[in-house]
Amino acid sequence: MRRILILGGTTEARRLAERLAGRPDLAVTLSLAGRTANPVAQPVPVRVGGFGGAEGLANYLAAERIDALIDATHPYAAIIAANAARAARSAGVPLLALRRPPWVAVAGDRWIEVADTGAAVWALGDAPRRVFLALGRNDIAPFVAAPQHHYLVRSVDPVEPPLRVPHASYVIGRGPFREANDHALLMAHGIEIVVCKNSGGDATYGKIAAARTLGLAVILLRRPALPAVPAVETIEDALAWIDHARAPCAEREV
Ligand code: NAP
């Protein structure tokens, strides 16, 4: 029986685990960082929490006799992606990254791409604006530097303590988010500009489509650089790699 470790926390990781669960030739474990209080149920056994850097992950791979490692974390989870690359190399375990392609602007999109949250704060400008922050609660602290704006913050878990700005509203929600609902949310709060990551995939695209329809600008954080490892974009390709123990596409930077 081959032992597979999936680094997860994404819809794709869960869907891949669903496809592998119950296979008699595989023992699959899914790893979560432990960022959310009530994570979605997973179809395979789960372990939660950091490994202790690349060395800790390498030790885990050896101790658990892992045969293949799948990094199916979020495209902005650059630290664990780098750790996975180093750990897989040092432990001699084949690694595959499962990465969603980024969204691509279409006619009507008014995107402003920035390097990081600090640049997003700057891009909002001096004049007060009504801003939808769809970044997750761990990435919004830099916006206290621009307290003139009114923020609508959406997160999976409550933002505790609240953002130290005079005007902030909070909405709790876990994707997938439908375009119609995001359209209504942006309208109800009189949102003028959206700040988010280029997460890719369908689950959080609703706000992008809604912003386009409403003619709103979107400040998109650029994706971080990720290690050059064998990578695929679809669950089918990940399944093929697992079954053939090779990456179906060439190594490339993702
Ligand atoms: P990160 O910054 O790449 O990782 C920080 C540390 O968290 C890692 O060094 C590792 O700790 C631990 N970690 C991350 N993913 C893990 C996993 N699947 N299993 C076990 N440990 C894990 O990643 P992040 O803090 O999770 O998120 C960074 C950005 O990605 C944020 O913007 C976040 O909103 C976004 N994001 C990430 C995920 C995800 O799949 N991780 C999901 C949704 C959104 P050790 O070094 O101790 O091993």
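Residues numbered from 1 in each chain as written. Predicted model: local features only at pLDDT ≥ 70, side-chain atom pairs only at ≥ 80, totals over all residues. Heavy atoms only, no water.

Participant: Residue-level account of the overall build of the protein, with values.
Facilitator: Broken down by element type, the protein carries seven helices and 12 strands. On C-alpha atoms alone, the protein measures out to a radius of gyration of 19 Å, which is about the 18 Å that the 2.2 N^0.38 rule sets for 254 residues. The dimensions of the protein, computed from C-alpha atoms along their principal axes, are 60 × 40 × 30 Å. Looking at the 254 residues of the protein, the share that counts as buried comes to 44%. Nonlocal contacts in the protein, meaning residues at least 24 apart in sequence, comprise 64% of its contacts between residues at least 6 apart. Taking the 28 positively charged and 24 negatively charged side chains of the protein as two groups, their mean positions are separated by 2 Å. (Helix = DSSP H or I, 4+ residues; strand = E, 2+ residues; numbered from the N terminus. Rg over C-alpha atoms; globule rule 2.2 N^0.38 Å. Buried < 20%, exposed > 50% of the residue type's maximum accessible area, 1.4 Å probe, protein only. Contact = heavy atoms within 4.5 Å. Lys, Arg positive; Asp, Glu negative; His and termini not counted. Charge placed at Lys NZ, Arg CZ, Asp CG, Glu CD.)

Participant: Can you tell me about the nonpolar core, naming the residues and giving the values?
Facilitator: Formed by 22 residues in total, the largest nonpolar core has its most connected members in Ile 4, Ile 6, Leu 16, Leu 20, Ile 70 and Ile 242. Within the residue set of this core, elements represented by two or more residues are β1 (2–7), α1 (11–20), β2 (26–32), β4 (68–71), β5 (95–98) and α7 (235–244). When residues in this core are grouped by element, the largest group, five residues, is from α7. Tyr 76, Ala 146, Ile 219 and Leu 221 belong to the second largest nonpolar core, which has 21 residues in total. (Core = buried A, V, L, I, M, F, W, Y, C linked by side-chain atoms within 4.5 Å.)

Participant: Break down the site of the ligand for me, citing the residues and quoting the values.
Facilitator: Of all residues adjacent to the ligand, which total 23 residues, the nearest are Ser 31, Arg 35, Phe 51, Ile 80 and Lys 197. In the environment of the ligand, an oxygen atom lies 3.3 Å from a nitrogen or oxygen atom belonging to the backbone of Ala 77. Contact between the ligand and Ala 78: an oxygen atom at 3.4 Å from a main-chain N or O atom of the residue. Across the complex, the protein chains shield 78% of the 820 Å² of accessible surface that the ligand would expose by itself. The set of elements that each furnish at least two residues to the shell around the ligand consists of β2 and α3 (78–91). Here the element with the most residues in the shell around the ligand is α3; it accounts for four residues. (Near = heavy atom within 4 Å. Polar contact = N/O pair within 3.5 Å; in protein donor to acceptor, adjacent residues only side chain to side chain. Areas by Shrake-Rupley, 256 points an atom, 1.4 Å probe, with all protein chains shown as cover.)

Participant: I'd like a description of the pattern of salt bridges, backed by residues and values.
Facilitator: For the structure on display, the rule yields 11 salt bridges. Between Asp 139 and Lys 197 there is a salt bridge; the shortest N-O distance is 2.9 Å. Here Asp 139, found in the loop between β7 (130–134) and β8 (150–155), pairs with Lys 197, found in strand β10 (residues 193–197); they are 58 residues apart in sequence, far enough to count as distant. Look at Asp 139 and you get partly exposed, because its relative accessible area is 29%. A salt bridge links Arg 154 to Asp 182, with the shortest nitrogen-to-oxygen separation between them at 2.7 Å. Of the two residues, Arg 154 sits in strand β8 while Asp 182 sits in helix α5 (residues 179–188), which places them 28 residues apart along the sequence. A residue is classified by how much of its surface remains accessible, and Arg 154, at 8% relative accessible area, is buried. Among the ionic contacts, a cluster of salt bridges with common partners joins Arg 23, Asp 25 and Asp 243. (Salt bridge = Lys/Arg side-chain N within 4 Å of Asp/Glu carboxyl O.)

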